[in-house]
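Each chain, written out:
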Amino acid sequence: MQLEEEERVNQVSEELSEEIKDLCKKAKKKEIFSITDQIKYARFKGIEISESDESIVQDILLNRSYYFKVTAYRKNFEKDINGKYIDLSFVKLADLAKIDMYLRMILSRMIFELEHSLKTLIISSITNSLTEDGYKIVEDYDMYMQNKFIDSQRKKGNTKTNEEILSEYTQASEKILDKVKGKFGYDFDFYNHHHDKISIWALLEVMTLGNLERFITFYFEEEHFGYLGLKTAQKLLKYVTNVRNASAHSRPLIYNIVEPYQFGRADSNFKKRRPVIQLKQFATNAGLDSELIARALTNMKMNDIVATIYLHEKYVQTQKLKTTNFEALSDLLDRIKVNSKMYEKNHELLEAFRFFEKIIMEYGKLIT
């Protein structure tokens, strides 16, 4: 197991035991830690593990999760001047890990529903148009993406001719189909039937969320029939893609959920670190004050979570799905409140929970 070593070994105090010094050296070299080592190292970093909880922690690390996963949530807590975490226990980390798991499960379902709804909207727009051609639009998309590729190469200083630049380029529709052509894959028959001449309704069927995001940008920018209906998705779907990727690979969502002004961190001008306008309005309607909105929605993960909820409310048309998700999110809020007193000294985290609760209540208000 690889463990992060946040302090150089040569800065370790002489007062530390030889055992801890050895653990720090192992951490620096990213060597494997035993469960006992993990517990000792966590205590050294300021993560409280009582003797009565030690057997529970061992069970969690052996059978339910792993050190790197659980301790990721430590980024929601501050450190003291010695680099030790303040008011942090392993019990709190395990609680946040469980909350995060439930949140990923709910948002994953919401994203599947959103993806289906957006594809349905596109197909409906094309079908209802008197001018759109379901085959020609795929050709147009390929040309659009091809030109984007050439432009990107030019910006990198590539001086070759367009023909030379495109000599090893694969058209966007081909790339999408190539991922489903495997001989033993679920979509092998689909590929054989459609790859010679692909229609948009067939191509949409096998698009990933990332593919769909790029296609919607093309559809909107080229002003195809009904494009204005996709304006909000064109602006915000990239944030949902982040949540989908994290959820699909079981990566933490509420890791470092308290740090504000993450947008444009390389820019010293704080005025450029502003929330996305649609999400800011959504949060304002939820009754949140502007100062909290500015802090919460410039945290990248909070921004992405809110974007997912906002787009689901806007594009998913089935009331039963919305009601089911609101009930699940409400249950999650109740789950958060069960141990909320544990975090009473972590005002930033409690503020993030309060912000999340208001967003969920606004989602519920809009769907009823």
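Since the model is a prediction, treat every value here as computed from it, not as a measurement.

The rules behind the values
Residues numbered from 1 in each chain as written. Predicted model: local features only at pLDDT ≥ 70, side-chain atom pairs only at ≥ 80, totals over all residues. Heavy atoms only, no water. Helix = DSSP H or I, 4+ residues; strand = E, 2+ residues; numbered from the N terminus. Expected span 1.5 Å × (residues − 1). Buried < 20%, exposed > 50% of the residue type's maximum accessible area, 1.4 Å probe, protein only. Contact = heavy atoms within 4.5 Å. Salt bridge = Lys/Arg side-chain N within 4 Å of Asp/Glu carboxyl O. Core = buried A, V, L, I, M, F, W, Y, C linked by side-chain atoms within 4.5 Å. Axes fitted to C-alpha atoms, helices over the stretch in contact; angles between N-to-C directions. Parallel < 35°, antiparallel > 145°, perpendicular 65-115°, else oblique. Left-handed = near helix turned anticlockwise from the far one by under 90°. Nonpolar A, V, L, I, M, F, W, Y, C, P; charged D, E, K, R; others polar. Arc of directions from axis to C-beta. 1 Å grid on protein atoms, 1.4 Å probe; cavity = no way out; pocket = protein on both sides within 12 Å on 5 of 7 lines; lining within 4 Å. Points joined across faces, edges and corners; volume = space filled by probe spheres on them. Polar contact = N/O pair within 3.5 Å; in protein donor to acceptor, adjacent residues only side chain to side chain.

Novice: How do you make sense of helix H16 (residues 319-338) when you look at a structure like this?
Specialist: Note: α-helices contain 3.6 residues per turn, so residues at a spacing of three or four share the same orientation. Compared with the 28 Å implied by 1.5 Å per residue over 20 residues, the 29 Å span of H16 between its first and last C-alpha is a close match. Those residues of H16 not exposed but buried are Lys-322, Asn-325, Ala-328, Leu-329, Ser-330, Leu-332, Leu-333, Arg-335 and Ile-336. Considering only its buried residues, H16 is in contact with helix H5 (90-128), helix H15 (300-315) and helix H17 (347-367).

Novice: I would appreciate a short explanation of the pattern of salt bridges in the present structure.
Specialist: Side chains carrying opposite charge are able to pair once their charged atoms draw close together. Under the definition given, this model contains 13 salt bridges. For Glu-115, the salt bridge goes to Lys-119, with nearest N and O atoms at 3.2 Å. Note that Glu-115 and Lys-119 are positioned in helix H5 at a spacing of 4 residues, about one turn of the helix. Exposure class is identical for Glu-115 and Lys-119. Each is buried. Several salt bridges converge on common partners, so that one network encompasses Glu-291, Arg-295 and Glu-351.

Novice: Where do I start with the nonpolar core in this structure?
Specialist: Note that soluble globular proteins tend to have their nonpolar side chains buried in a common cluster. By size, the foremost hydrophobic cluster in this structure holds 103 residues, and its most contacted members are Phe-215, Phe-355 and Phe-356. Considering every element that reaches this core, the biggest residue donor is H5, with 14 residues. Residue contacts for Phe-355: discarding those within four places in its chain leaves Ala-283, Leu-288, Leu-292, Ile-293, Ala-296, Leu-297, Met-302 and Val-306.

Novice: Where do I start with the packing of helix H12 (residues 231-248) against H15 in this structure?
Specialist: To describe two helices that pack against each other, one gives the angle between their axes and the distance between the axes. Orientation of H12 relative to H15, taken along the N-to-C sense of each, is 130°, at an axis distance of 8 Å. One element, H12, and the other, H15, form an angle in the oblique class. The handedness of the crossing between H12 and H15 is left-handed. Of the residues in H15, those in contact with Lys-231, Thr-232, Ala-233, Leu-236, Leu-237, Tyr-239, Val-240, Asn-242 and Val-243 of H12 are Asn-303, Asp-304, Ile-305, Ala-307, Thr-308, Tyr-310, Leu-311, Lys-314 and Tyr-315. Of the residues assigned to the contact of H12 with H15, the class counts are 11 nonpolar, 4 polar and 3 charged.

Novice: Please clarify how the side chain of Gln-278 should be interpreted in this entry.
Specialist: Following the sequence through the fold, Gln-278 ends up in helix H13 (residues 277-285). Filtering out sequence-adjacent residues up to four positions away, Gln-278 remains in contact with Lys-235, Leu-236 and Tyr-310.

Novice: Hey, could you run me through the environment of Asp-142 in this one?
Specialist: With respect to the helices, strands and loops of the structure, Asp-142 is situated in helix H6 (residues 136-155). For Asp-142, a relative accessible area of 10% corresponds to the buried category. It is 47 Å that separates the C-alpha atoms of Asp-142 and Phe-77, two residues lying 65 residues apart in sequence. Not counting chain neighbours up to four residues away, the residues in contact with Asp-142 comprise Tyr-169, Gln-171, Ala-172 and Ser-173.

Novice: Please clarify how helix H1 (residues 18-28) should be interpreted in this entry.
Specialist: For H1, the full list of buried residues reads Ile-20, Lys-21, Leu-23, Cys-24 and Ala-27. For H1, the arc enclosing every buried residue in end-on projection is 160°, short of the 170-degree limit, so these residues lie on one face. Those residues of H1 that are buried lie in contact with helix H2 (35-44). Immediately downstream of H1, the backbone of Lys-30 shows phi near 55°, a positive value.

Novice: Can you walk me through the layout of surface pockets in this structure?
Specialist: Gaps left between atoms are located by rolling a probe of water-molecule size over the structure's atoms. Roughly 440 Å³ of internal volume is contained in the second largest pocket. Lining the second largest pocket are 20 residues, and of these Ile-60, Arg-64, Ala-94, Ala-97 and Lys-98 lie nearest its centre. Every element with two or more residues in the lining of the second largest pocket is listed here: helix H3 (54-64), helix H4 (67-71) and H5. Of the residues forming the lining of the second largest pocket, the biggest block, 8 residues, is contributed by H5. Here the lining of the second largest pocket is built from residues that sort into 11 nonpolar, 2 polar and 7 charged.

Novice: Would you take a moment to explain the environment of Asn-339 for this structure?
Specialist: Within the secondary structure, Asn-339 sits in the loop between H16 and H17. Distance from Asn-339 to Leu-103, taken between C-alpha atoms, is 16 Å for residues 236 residues apart in sequence. Within the structure, Asn-339 has its side chain in polar contact with the side chain of Asp-95 (distance 2.9 Å).

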